[in-house]
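# A structural walkthrough
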Amino acid sequence: MTTAVCPGSFDPITNGHLDIVTRAARHFDKVIVLVTGNPTKKSGLFSIEERVNLIREVTQHLPNVEVDNWGGLLVDYTTAHGVTALVKGLRTALDYEYELPMAQMNRRLTGVDTYFLLTDEKYGYISSSLTKEVAKYGGDITGLVPDHVREAMVEKLRPGEAPGEAQ
């Protein structure tokens, strides 16, 4: 059985992320969307637990996709869970330059290969940080994130609250 991990902070998961996960699910027996970061540290818009729950909701239609979180080295997770591949989405050449050394280090340490999927052009400009910035100032993020995630963001970013302050 081939198991792939799609790692990231996913704060929040965007439609671009969801597209990569959906496409990966067609190529691997099992895909784990791995929310990375320190689970005890509160930073960003959503807590680790909230991110995991949002991702579970938006991937529930994909029977071979699971969601987990990890606060340590990715290579330790891959070893402990029998992961055979990592899947990363690439929007630009800058993403590739950032991801390449990590992919090479992960392969050196564990033998796990990284598969790069090119982002669908309709999602190429979307990032979690840009989406949060637009939402923070009341901009319309419809179509950038799944509807349920958009609703959760609007709730978190009620007037008077800023990312990292909302609980």
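Residues numbered from 1 in each chain as written. Predicted model: local features only at pLDDT ≥ 70, side-chain atom pairs only at ≥ 80, totals over all residues. Heavy atoms only, no water.

For the chain, an unreviewed UniProt entry supplies the name Phosphopantetheine adenylyltransferase and the organism Corynebacterium riegelii. The UniProt entry for the chain carries this comment under Cofactor (unreviewed entry): "Mg(2+)". Looking at the Catalytic activity (unreviewed entry) heading of the UniProt record, one finds this comment for the chain: "(R)-4'-phosphopantetheine + ATP + H(+) = 3'-dephospho-CoA + diphosphate". (UniProt positions renumbered as here; feature names shortened; annotations may be inferred.)

Let's shift gears to the overall build of the chain. Scanning the chain for helices and strands turns up six helices and five strands. At 16 Å, the chain has a C-alpha radius of gyration in line with the 15 Å of a compact globule built from 167 residues. Across its three principal axes, the chain shows a C-alpha extent of roughly 50 × 35 × 30 Å. Long-range contacts, defined as pairs at least 24 residues apart, comprise 73% of the intrachain contacts of the chain with a sequence gap of at least 6. Carbon and sulfur atoms make up 52% of the accessible area of the chain, which amounts to about 9200 Å² in all. Distance between charge centres in the chain, computed from 17 positive and 22 negative side chains, equals 3 Å. (Helix = DSSP H or I, 4+ residues; strand = E, 2+ residues; numbered from the N terminus. Rg over C-alpha atoms; globule rule 2.2 N^0.38 Å. Contact = heavy atoms within 4.5 Å. Areas by Shrake-Rupley, 256 points an atom, 1.4 Å probe, with all protein chains shown as cover. Lys, Arg positive; Asp, Glu negative; His and termini not counted. Charge placed at Lys NZ, Arg CZ, Asp CG, Glu CD.)

Further remarks concern the UniProt feature "site: Transition state stabilizer" (unreviewed entry) in the chain. UniProt's entry tags H17 with the feature "site: Transition state stabilizer" (unreviewed entry), counted in the numbering of this structure. Residue H17 is classed as partly exposed on the basis of its relative accessible area of 25%. If we skip the residues at most four places from it in the chain, H17 touches F10, P12 and S128. (Buried < 20%, exposed > 50% of the residue type's maximum accessible area, 1.4 Å probe, protein only.)

A separate point is the sheet that holds strand β5 (residues 113-118). The strand order across the open sheet built from five strands is β3-β2-β1-β4-β5, with neighbouring strands paired in parallel fashion. With one partner strand each, in any of the chains shown, β3 (65-70) and β5 form the two edges of the open sheet. Averaged over neighbouring strand pairs, the angle between their axes works out to 30° when direction is ignored. As judged from the six bridges shared by strand β1 (residues 3-8) and strand β2 (residues 30-36), these two strands associate in the parallel manner. Along β2, the bridge assignment pairs A4 with V31. In this fold helix α2 (residues 48-59) packs onto β2 and β3, with an angle of close to 170° to the strand it touches most, β3. Those strands touched by helix α4 (residues 93-110) are β4 (85-90) and β5, and its axis lies near 175° from that of β4. (Pairing = 2+ DSSP bridges. Axes fitted to C-alpha atoms, helices over the stretch in contact; angles between N-to-C directions.)

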